[in-house]
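Working through the structure, step by step
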Amino acid sequence: MYVPLNIRDHHWVLGMIDLRERKVIFYDSNPKPTNRDAFSALWIMLPYMLKQYGFFKQRPDIPSTMNPFAHSYAERTPKQDNGYVVVYLNFKYIKYVMS
């Protein structure tokens, strides 16, 4: 599942949530490191949200542990040279990951 995520109403990052592997991978176009803990609530709360909505009952093949999802940042991703191409790069990330 692909999710656009925003850091403090300033910068967009693409999140790829792999429910089977229980991990979140972030694709960030910012050439400078962003606050990598900005989405800690996501990987901590995701198991609880999935449980609340009955996801694990519908998908018993996926472990229902309440441990936080693993997370990482993709390292080799296109970087923006200005602040205006973020949405375009997020679509490029999706195309890159799906190929």
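Residues numbered from 1 in each chain as written. Predicted model: local features only at pLDDT ≥ 70, side-chain atom pairs only at ≥ 80, totals over all residues. Heavy atoms only, no water.

1. Remarks on the packing of aromatic side chains
How we decide: Paired rings are identified among Phe, Tyr and Trp, the last through its six-membered ring, by centres lying within 6.5 Å, and are further divided according to the angle between planes into stacked (under 30 degrees), edge-to-face (over 60) and tilted (the rest). Helix and strand labels come from DSSP, where a helix needs a run of H or I of at least four residues and a strand needs a run of E of at least two; each type is numbered from the N terminus. Note on exposure labels: buried denotes an accessible area under 20% of the residue type's maximum, exposed denotes more than 50%, and partly exposed covers the range between, all computed with a 1.4 Å probe on protein chains only.
If you walk through the whole model with that rule in mind, you get four aromatic pairs. Here the aromatic rings of Phe26 and Phe39 are separated by 5.1 Å at their centres, their planes lie at 20 degrees, and the arrangement is stacked. In this pair, Phe26 sits in strand S3 (residues 23–27) while Phe39 sits in the loop between S3 and helix H1 (40–52), placing the two residues 13 residues apart along the sequence. Classification of Phe39 as buried rests on a relative accessible area of 7%.

2. Details of the confidence of the model for the chain
To be explicit about the condition: Confidence of the predictor at the level of single residues is given by pLDDT, which spans 0 to 100.
In this model, the chain carries an average pLDDT of 81, and 75% of its residues clear a pLDDT of 70 or more. When the elements of the chain are averaged for pLDDT, helix H3 (residues 86–98) gives the smallest value, 64, and helix H2 (residues 55–58) the largest, 94.

3. A word on H1
In an α-helix, one turn spans 3.6 residues, which is why side chains three or four residues apart end up on the same side. Our working definition: To estimate the expected span of a helix, count its residues, drop one, and scale the result by 1.5 Å. Note on bend: the value at a residue is the angle between axes fitted to the seven residues ending there and to the seven starting there. Two residues form a contact once any of their heavy atoms are found within 4.5 Å.
An ideal rise of 1.5 Å per residue puts 18 Å on 13 residues; H1 measures up with 19 Å between its terminal C-alpha atoms. In the structure, H1 departs most strongly from a straight axis at Leu46, where the bend amounts to approximately 45 degrees and where the proline Pro47 lies between one and four residues downstream. Regarding H1, the residues found buried are Leu42, Trp43, Leu46, Pro47 and Leu50. Where the residues of H1 are buried, they touch strand S1 (2–7), strand S2 (11–18), S3, H2 and strand S4 (70–73). Downstream of H1 by a residue or two, Gly54 has a phi angle that is positive, lying close to 75 degrees.

4. Let's talk about the side chain of Arg22
To be explicit about the condition: Under the convention used here, Asp and Glu are negative, Lys and Arg are positive, and both His and the chain ends fall outside the count. Between Lys or Arg on one side and Asp or Glu on the other, a salt bridge is scored when a side-chain nitrogen of the former is within 4 Å of a carboxyl oxygen of the latter. For this analysis, a polar contact is any N or O atom pair within 3.5 Å, provided that within protein one partner can donate a hydrogen and the other can accept it, and provided that sequence-adjacent residues contribute only side-chain to side-chain pairs.
The residue Arg22 is located in the loop between S2 and S3 in this model. Buried Arg22, no salt bridge; nearest opposite-charge side chain is Glu21, N-O distance 9.4 Å. Polar contacts involving the side chain of Arg22 include one to the main-chain carbonyl oxygen of Pro63, which spans 3.1 Å. Polar side-chain contacts of Arg22 include one of 2.9 Å to the backbone oxygen of Thr65. Excluding residues that lie within four positions of it along the chain, Arg22 makes contacts with Pro47, Phe56, Pro63, Thr65, Met66, Asn67, Phe69 and Ala70.

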